[in-house]
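The chain contents come next:
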Amino acid sequence: MRRTLKLEVRPYRLRLRVAVRGVTERVGFVVRLREKTLGAGAFAGADTEGGRIGLGEAAIVPEVGTETFEQAERALQRPPLRVDELDALSATPAARHAIELALLDLAAQREGLPLARMLAVGAAAELQVSALLVSEGMAELAREARRAVEDGFRTLKLKVGASDAYARAAVVRDAAGPEALLRLDANCVWTTEEALRQLLELAPLGIELCEQPTRDLLGLESAAVTIAADELCVSEPDAALERARVVVLKPMALGGLLPAMRLAARARARGIRTMVTSSIDGAIARAGAAHLAAALLAHGPQPAAGLATGSLLLEDLCEDLLAPRGGRITIPALPGLGLSG
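The sections below set out a description of the structure shown in this document. Just so it is clear, the structure is predicted and the values come from calculations on it, not from any experiment.

One pass over the full model with this rule turns up zero disulfides. Cysteine Cys188 is unpaired, with the sulfur of Cys210 as its nearest cysteine sulfur at 10.0 Å. Assessed through its relative accessible area of 14%, Cys188 is described here as buried. Among the residues examined, Cys210 registers a relative accessible area of 0% and is labelled buried.

Next comes the structure, spelled out in structure tokens:
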């Protein structure tokens, strides 16, 4: 039995409902790998033209570590179509992510398993996710926090700047109540001294963790709040594992689910927790990240995944069958990603 693969690459542009730290749209590529098996009859997962379709996505986010749009476009013109050859795309992580995800989607369809269960036998059937709060004004921020809690989210994530961290966090804590977990993302805005001072002031508000308070995370061993490495996981993974107690796994920036799983295994060996997040990707990449997060739960509890970002988009790449409900994502009991090709 022989399989053939046909690659289709389509650029996309998705507008955001509101600007998030100055970002108003996301651009990238959808990858479709059409597989035909010569000599075989019809099978589950076949489309109207015959053959399975594996889906992948390359979201272009240079600020978190991907290549540019033009670099991804070139990489996707003639990419390797075997998982064991994907290191050839290591310089273009978004393109690598797209091809790898499509290949994994196809492989899981062949096995008749959800991708999460192909990645880990004990993968969870559902996972908790955090709500990303994006309002700028304090009154709007309070309303957004209350709505998130009413919608069932138990963890809220808040981006903070150099000087407004306490004020914004206090508003969210007051609006969300004492039971909600509150995490912060400082996006490298503080110096070491500022981070230690700010986190000491913030600690009484009950902060779950703070992502990337400084660029290198050096000198934060005594911080009053748990430190999570985000950008550092991409630029210096060894340093991230040495200096943080939580590592943030962004599959798009890391080059795919399998590189993210390798980093997670290294973290687990050190007793470090892992947290899967998106980079405001489309529905295909978010689905892949959800399957990754579910697979990692096979190894024990992890912080809520940062995957409730689909609502930030005015339109999406396909129907979002893994949209959060009640603050949780349910993994479809369907082969592969569980999305429509």
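The discussion continues.
Tallied over the full model, the rule gives 20 salt bridges. We note a salt bridge from Glu100 to Arg96, for which the minimum N-O separation is 2.6 Å. A residue pair is termed a helical-turn pair when its members lie 3 or 4 positions apart in one helix, as Glu100 and Arg96 do in helix 2 (residues 93-111) at four residues. Of the two residues, Glu100 and Arg96, both sit in the buried class. We note a salt bridge from Lys159 to Asp185, for which the minimum N-O separation is 2.9 Å. Of the two residues, Lys159 sits in strand 5 (residues 155-159) while Asp185 sits in strand 6 (residues 181-185), which places them 26 residues apart along the sequence. Residue Lys159 shares its accessibility class with Asp185, and that shared class is buried. Several salt bridges share partner residues, and in doing so they unite Lys157, Lys159, Asp185 and Glu211 into one network.

Conventions used here
- Per-chain numbering applies: the sequence of each chain, read as written, is numbered from 1 onward.
- This being a predicted model, a pLDDT of at least 70 is required before a residue's local features are given, and a value of 80 or more before pairs of side-chain atoms are given or counted; all residues contribute to the totals for chains, interfaces and linings.
- Side-chain figures throughout are based on the complete set of non-hydrogen atoms in the structure, without hydrogens or water.
- Here, a disulfide means two cysteine sulfur atoms that sit within 2.5 Å of each other.
- Here the term buried applies to any residue with accessible area under 20% of the maximum for its type, exposed to any over 50%, and partly exposed to those in between, with areas from a 1.4 Å probe on protein chains only.
- Basic side-chain nitrogens of Lys or Arg form a salt bridge, by our definition, when they fall within 4 Å of a carboxyl oxygen of Asp or Glu.
- Each helix is a run of DSSP H or I of at least 4 residues and each strand a run of E of at least 2, with the numbering of both proceeding from the N terminus.

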